[in-house]
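Examining the three-dimensional arrangement
This is what each chain is made of:
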Amino acid sequence: MELSKLLKTAFVTTAFMMASAASHALILEPGNADYDGNNVAGPYGPSNCEPDCINDLFGTSFVGNDALLYKNDYDGGVEEGSFTGSYNMSWSLDDGEPSGGTLSWVVDTDYIVCGECYVAVKDGNIDPRYYFYDISALWNGQEDLVFSNFWSNGPGAISHISIWGASAVEVPEPGTIGLLGLGLLGLAYSRKRKANQ
């Protein structure tokens, strides 16, 4: 196979892998929460309860902020956690208050690989004050997390969203793997060319 065909195949494969990674979304709404104010042993809130409430509900044993993978506060857009800068949060407003949003992975940055991953969506003072989700087997860290319809039919708004996890392993992204493949193809071609001279 000639080099131009090899390069074209590698480019198309890399582009497809990158597009596939970002083409799906996990939608989190009040109706598909694992726990909310109606089915928890709580009450949790009005102050922040993470990670203790996650430990209580899901049987984990997170200590302090060591297991905080990502957190975004609506007020001021403050990010926290070990993956700060790896995600962008765009908020959806309902009557000027956040009722949802989309958390998107920033391509070419590290991303969360869930061994155990739990999401908390918190309001300030309106019941239910929290919604909790176990996304361990549902989210790959590259697809969008879409938050929708939180406190949209009355008072209340999202204060923050947070993702907690037992461990996060960083893996190479598809673009890096593709570039490595292209480099190896180029090296193989140059060696073959030298051998034929």
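Everything here concerns the structure above.
Residues numbered from 1 in each chain as written. Predicted model: local features only at pLDDT ≥ 70, side-chain atom pairs only at ≥ 80, totals over all residues. Heavy atoms only, no water.

With respect to the packing of aromatic side chains
Counted according to the given criterion, the structure contains twelve aromatic pairs. Geometrically, the ring pair formed by Tyr87 and Trp139 is tilted, given 5.9 Å between the ring centres and 40° between the ring planes. On the criterion of sequence distance, the pair formed by Tyr87 in strand β5 (residues 87-94) and Trp139 in the loop between β8 (130-134) and β9 (144-147) is long-range, its members being 52 residues apart. There is no split in this pair, since Tyr87 and Trp139 are both buried. Taken together, a centroid distance of 5.3 Å and an interplanar angle of 75° make the contact between Trp105 and Tyr111 edge-to-face. A residue is classified by how much of its surface remains accessible, and Trp105, at 12% relative accessible area, is buried. (Phe/Tyr/Trp six-rings, centres within 6.5 Å; stacked < 30°, edge-to-face > 60°. Helix = DSSP H or I, 4+ residues; strand = E, 2+ residues; numbered from the N terminus. Buried < 20%, exposed > 50% of the residue type's maximum accessible area, 1.4 Å probe, protein only.)

Considering the environment of Thr84
Within the secondary structure layout, Thr84 lies in the loop between β4 (79-80) and β5. Accessibility expressed as a relative area gives 39% for Thr84, which makes it partly exposed. Considered as a pair, Thr84 and Tyr70 are 14 residues apart in the sequence and their alpha carbons are 6.2 Å apart. If sequence neighbours within four positions are ignored, Thr84 has contacts with Leu69, Tyr70 and Glu79. (Contact = heavy atoms within 4.5 Å.)

Overview of the state of the cysteines
Under the definition given, this model contains two disulfides. Here Cys49 connects covalently by a disulfide to Cys53, the sulfurs 2.1 Å from one another. Sign of the S-S torsion, about 75° for the bond between Cys49 and Cys53, identifies this disulfide as right-handed. Disulfide partner of Cys114: Cys117, at an S-S distance of 2.0 Å. Since a negative S-S torsion denotes a left-handed disulfide, the Cys114-Cys117 link at about -95° is left-handed. For Cys117, a relative accessible area of 0% puts it in the buried group. Along the protein, the cysteines engaged in disulfide bonds are linked according to the scheme 1-2, 3-4 when indexed in sequence order. (Disulfide = S-S within 2.5 Å.)

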